[in-house]
Amino acid sequence: GQSLEQPSEVTAVEGAIVQINCTYQTSGFYGLSWYQQHDGGAPTFLSYNALDGLEETGRFSSFLSRSDSYGYLLLQELQMKDSASYFCAVSSPFQKLVFGTGTRLLVSP
Amino acid sequence: KAGVTQTPRYLIKTRGQQVTLSCSPISGHRSVSWYQQTPGQGLQFLFEYFSETQRNKGNFPGRFSGRQFSNSRSEMNVSTLELGDSALYLCASSLEGTPETQYFGPGTRLLVL
């Protein structure tokens, strides 16, 4: 089967940098995605790594190391609106996404 | 371009009943996937449809079924509801070949009493 583990909760202050880790046990996947979900909202796509290395999208960066079965999402210049849950997910054939356990990020003033 | 829409947004049912949820994907997206989200189990894949065919199915009992119409709209049905079926049901649409980028609807929150 496939499993992705994330820390359950991370706290940080505005303006800081935070890293959310994702370790996985799976094979044959296309890549690692990250989604953000605010309370009461739908997951929204943030970033995707098809290859090893760092992908940068504005304040968000994502990293993948297939040899280490590990990835992370880096959020810089944290804002209050970044308080949300963050999910890593592996994509496999026929549009199936397997999500991680999710990390709740709390940003304080 | 309009986003993914789901109806109804909220639903209350009793055990043993059945329920049908509807999803309209983003225009041009032919792949529609369904997910169940609960506090205990997180986000779990139910099934995916493309061109009216189910291509992939998660580990859910046969009480969970779905279909897709020629206009890519999709429905999922849960029969003989159980208390444990209480959850947020999310529909996502995507372009073929881009499974990593899925666009989610607001979800249907189902409460089974």
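Conventions we followed
Sequence order as written defines the numbering, with residues in each chain counted from 1. In the order they appear in the text, chains get letters beginning with A and ligands get numbers beginning with 1. It should be noted that, the model being predicted, local features are given only for residues of pLDDT at least 70 and side-chain atom pairs only at 80 or more, the latter also being counted only at that level, while totals for whole chains, interfaces and linings use all residues. No hydrogens and no water enter the side-chain calculation; it runs on all heavy atoms of the structure. Strands here are runs of E lasting at least two residues and helices are runs of H or I lasting at least four, both read from the DSSP assignment and numbered beginning at the N terminus. We call two residues contacting when some pair of their heavy atoms lies within 4.5 Å. Note on terminology: disulfide denotes any pair of cysteine sulfur atoms within 2.5 Å. Relative accessibility thresholds used throughout: buried, under 20% of the residue-type maximum; exposed, over 50%; partly exposed, between the two (1.4 Å probe, protein chains only). Criterion used throughout: strands pair if DSSP finds at least two bridges between them. Between N-to-C directions, angles span 0 to 180 degrees; the directions come from axes that are lines fitted to C-alpha atoms, helices contributing only their stretch in contact. The nonpolar core is taken to be a set of buried Ala, Val, Leu, Ile, Met, Phe, Trp, Tyr and Cys residues, with the residues joined through side-chain atoms within 4.5 Å.

## Description of the environment of A:I17
Residue and element names in this part refer to chain A.
Stage number 1. Tracing the sequence through the fold places I17 in the loop between β2 (9-13) and β3 (18-25).
Stage number 2. Distance in space between the C-alpha atoms of I17 and L74 is 7.1 Å, their sequence separation being 57 residues.
Stage number 3. Discounting residues that sit within four places of it in the chain, I17 has contacts with L74, L75 and Q76.

## Notes on the state of the cysteines
Residues and elements named next belong to chain A.
Stage number 1. According to the stated counting rule, one finds 2 disulfides over all chains in the structure shown.
Stage number 2. Between the sulfur of C22 and that of C88 lies a disulfide, 2.1 Å long from S to S. Taking the torsion about the sulfur-sulfur bond, which here is approximately 75°, the covalent link between C22 and C88 counts as right-handed. Residue C22 is located in strand β3, and its partner C88 is located in strand β9 (residues 84-92); the two are separated by 66 residues in the primary sequence.
Stage number 3. On the accessibility criterion, C88 (0% relative accessible area) is buried.

## Describing the side chain of A:S61
Stage number 1. Its place among the elements puts A:S61 in strand β7 (residues 60-65).
Stage number 2. Leave out the neighbours within four places in its chain, and A:S61 touches A:L54, A:E55, A:E56, A:Y72, A:L73, A:L74 and A:Q76.

## What about the sheet that holds strand β3 (residues 19-24) of chain B?
Residues and elements named next belong to chain B.
Stage number 1. Reading across from one edge, β1-β3-β8-β7 is the order of the 4 strands in this open sheet, with antiparallel pairing throughout. The sheet is open, and its two edges are formed by β1 (5-7) and β7 (64-68), each paired on a single side. Adjacent strand axes in the sheet meet at a mean angle of 20°, parallel and antiparallel pairs treated alike.
Stage number 2. Sheet topology places β1 next to β3; 3 bridges connect them, and they run antiparallel. Its bridge partner being in β3, T7 is matched across the sheet by S22.

## Considering the nonpolar core
Stage number 1. If you look at the biggest cluster of nonpolar residues, it comprises 23 residues, and the most contacted ones within it are A:L4, A:L32, A:W34, A:L75, A:Y86 and A:L105.
Stage number 2. Secondary structure elements with two or more residues in this core: β2, β3, β4 (31-37), β7, β8 (70-75), β9 and β11 (103-108) of chain A.
Stage number 3. By size, the runner-up hydrophobic cluster in this structure holds 21 residues, among which are B:L21, B:I26, B:F60 and B:V78.

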